[in-house]
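# Summary of structural features
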Amino acid sequence: MSSEATTALITGGCGAIGRAVVETLLRKGTVDSAIVVDVEKPTADLPEGARFHRCDLGNPEELTAIVGELPSELSVLVNIIGGERKPPVAEVAETAWPPPAVWDDIFELNAAMVYRVTAALSDRLIPGGAVCNVSSIAAIMPWVISPAYGAAKAALEHWSNSLAVQLADRAVRVNTVRPGFVWSRQWEAVSREEFDRVVADRVPLRQAGSPTRTGREQTPEDVASVIAFLCSPDASHLTGQSINVDGGAALVRAAR
């Protein structure tokens, strides 16, 4: 990247992974400042060097307004927006066959919004800059409890690879990360007991110094460290890649 001051924009930056990304990018010196965009306000003060903009990125008018307020140059764009709306926009009687409104909404949250934000800001990415989109291991395996989510993340990855080709001539890299099982607001809507059971059953990598696999579960910081690496000069020859940050879960996880 250039020797000038560098700025990162993090969408969906107030969740667990988002906050960890903001803190890690600043702590490692990957960027000098960070702009956090989310529809919800942060629950705690942001670290020094970060500022918050509230925006519903699914609202075209709000997106246009915030784009007008952003710097003319960005060195890093991290898209963490995604997940599933709780409660869903329509009742889901059978998870394998969500109603069209729910299917469309999940694609909107995980693929369409990322596309629109990136399209609006792509011209501001400086040479040597980086885009990192947060996907999921659901993109690469059957996900019958939410097929729309897995399909939307797979679509995000395909588009990210196309974007990597599109921006390569401008020296801008595009990669994705696939988190595994990280305790989050999405899991809070299920249960901690179910989360612990899934981790114990489906994450094979035992961490050094931990007597059990659940003694050191995956954290948002684990994901953030990989994102910071992909956005740093250390990854200057990496583009169009999708990296699992899952403790090996995708190697053994049964489809469900």
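For the structure given in this document, a descriptive report is provided here. (Residues numbered from 1 in each chain as written. Predicted model: local features only at pLDDT ≥ 70, side-chain atom pairs only at ≥ 80, totals over all residues. Heavy atoms only, no water.)

Secondary structure assignment for the chain yields eight helices and seven strands. Out of the 256 residues in the chain, the part that is buried amounts to 47%. Carbon together with sulfur atoms contributes 52% to the accessible area of the chain, which is approximately 12300 Å² in total. (Helix = DSSP H or I, 4+ residues; strand = E, 2+ residues; numbered from the N terminus. Buried < 20%, exposed > 50% of the residue type's maximum accessible area, 1.4 Å probe, protein only. Areas by Shrake-Rupley, 256 points an atom, 1.4 Å probe, with all protein chains shown as cover.)

Another aspect to go through is the side chain of Ser 75. Here Ser 75 shows up in strand 4 (residues 74–79). A polar atom in the side chain of Ser 75 sits 2.9 Å from the backbone oxygen of Thr 7. (Polar contact = N/O pair within 3.5 Å; in protein donor to acceptor, adjacent residues only side chain to side chain.)

On to the environment of Arg 85, then. Within the secondary structure, Arg 85 sits in the loop between strand 4 and helix 3 (100–121). Under the relative-accessibility criterion, Arg 85 is labelled partly exposed at 38%. Sequence separation between Arg 85 and Asp 105 is 20 residues, and the spatial gap between their C-alpha atoms is 8.1 Å. Side-chain polar atoms of Arg 85 contact the side chain of Asp 105, separated by 2.7 Å.

With that settled, consider the packing of aromatic side chains. One pass over the full model with this rule turns up two aromatic pairs. Here the aromatic rings of Tyr 115 and Trp 159 are separated by 5.7 Å at their centres, their planes lie at 75°, and the arrangement is edge-to-face. Residue Tyr 115 is found in helix 3, and its partner Trp 159 is found in helix 4 (residues 147–168); the two are separated by 44 residues along the sequence. Relative accessible area serves as the criterion here: at 44%, Tyr 115 is assigned to the partly exposed category. (Phe/Tyr/Trp six-rings, centres within 6.5 Å; stacked < 30°, edge-to-face > 60°.)

The next point concerns the nonpolar core. Counting 29 residues, the largest nonpolar core has Ile 10, Val 21, Leu 25, Val 78, Val 177, Ile 227 and Cys 231 as its most contacted members. Those elements that place two or more of their residues in this core are strand 1 (7–11), helix 1 (16–27), strand 2 (33–38), strand 4, strand 5 (125–134) and helix 7 (220–230). In this view, Ile 10 contacts Gly 18, Val 21, Val 22, Leu 25, Ala 34, Ile 35, Val 36, Val 37, Val 78 and Ile 80; residues no more than four positions away in its chain are not counted. Counting residues in each nonpolar core, the second largest holds 25 residues, with Ile 35, Met 113, Leu 125 and Leu 156 among its members. (Core = buried A, V, L, I, M, F, W, Y, C linked by side-chain atoms within 4.5 Å. Contact = heavy atoms within 4.5 Å.)

Their axes nearest at 8 Å, the elements helix 1 and helix 7 cross at an angle of 50°. Taken together, helix 1 and helix 7 sit at an angle that is classed as oblique. As for the relative orientation of helix 1 and helix 7, their crossing is right-handed in sense. Residues Ala 16, Ile 17, Ala 20, Val 21, Thr 24 and Leu 25 of helix 1 touch helix 7, and the partners they reach there are Pro 220, Glu 221, Val 223, Ala 224, Ser 225, Ile 227 and Ala 228. Tallied by class, the residues present in the contact of helix 1 with helix 7 amount to ten nonpolar, two polar and one charged. (Axes fitted to C-alpha atoms, helices over the stretch in contact; angles between N-to-C directions. Parallel < 35°, antiparallel > 145°, perpendicular 65-115°, else oblique. Left-handed = near helix turned anticlockwise from the far one by under 90°. Nonpolar A, V, L, I, M, F, W, Y, C, P; charged D, E, K, R; others polar.)

In this section: helix 2 (residues 60–69). Looking only at helix 2, the buried set comprises Leu 63, Ile 66 and Val 67. All buried residues of helix 2 lie within an arc of 105° about the axis, which places them on one face of the element. Among the exposed residues of helix 2, those oriented more than 90 degrees off its buried face are Glu 61, Thr 64, Gly 68 and Glu 69. At its buried positions, helix 2 is contacted by strand 2, strand 3 (50–54) and helix 3. (Arc of directions from axis to C-beta.)

Before going further, it helps to examine the environment of Val 102. Mapped onto the fold, Val 102 is located in helix 3. Since its relative accessible area comes to 6%, Val 102 is described here as buried. Residues Val 102 and Ala 148, spaced 46 residues apart in sequence, show a C-alpha to C-alpha distance of 8.3 Å. Not counting residues within four places of it along the chain, the set of residues in contact with Val 102 comprises Pro 88, Val 89, Ala 90 and Val 92.

Another aspect to go through is the sheet that holds strand 4. Adjacent strands of a sheet pair through backbone hydrogen bonds, lying either parallel or antiparallel. The parallel open sheet is built from seven strands, whose spatial order is 3-2-1-4-5-6-7. In this open sheet, the two strands that pair with only one neighbour each are strand 3 and strand 7 (242–245). Averaged over all adjacent pairs, the angle separating strand axes in this sheet is 20°, with direction ignored. Pairing geometry for strand 5 and strand 6 (residues 173–179), over five bridges, is parallel. Across the sheet, Asn 133 pairs through a bridge with Thr 176, a residue of strand 6. Against the sheet, helix 3 touches strand 1, strand 4 and strand 5, its axis set at about 175° to strand 4. Against the sheet, helix 4 makes contact with strand 5, strand 6 and strand 7, and its axis sits at roughly 160° relative to strand 6, the strand it touches most. (Pairing = 2+ DSSP bridges.)

None of this, on its own, says anything about what the molecule does.
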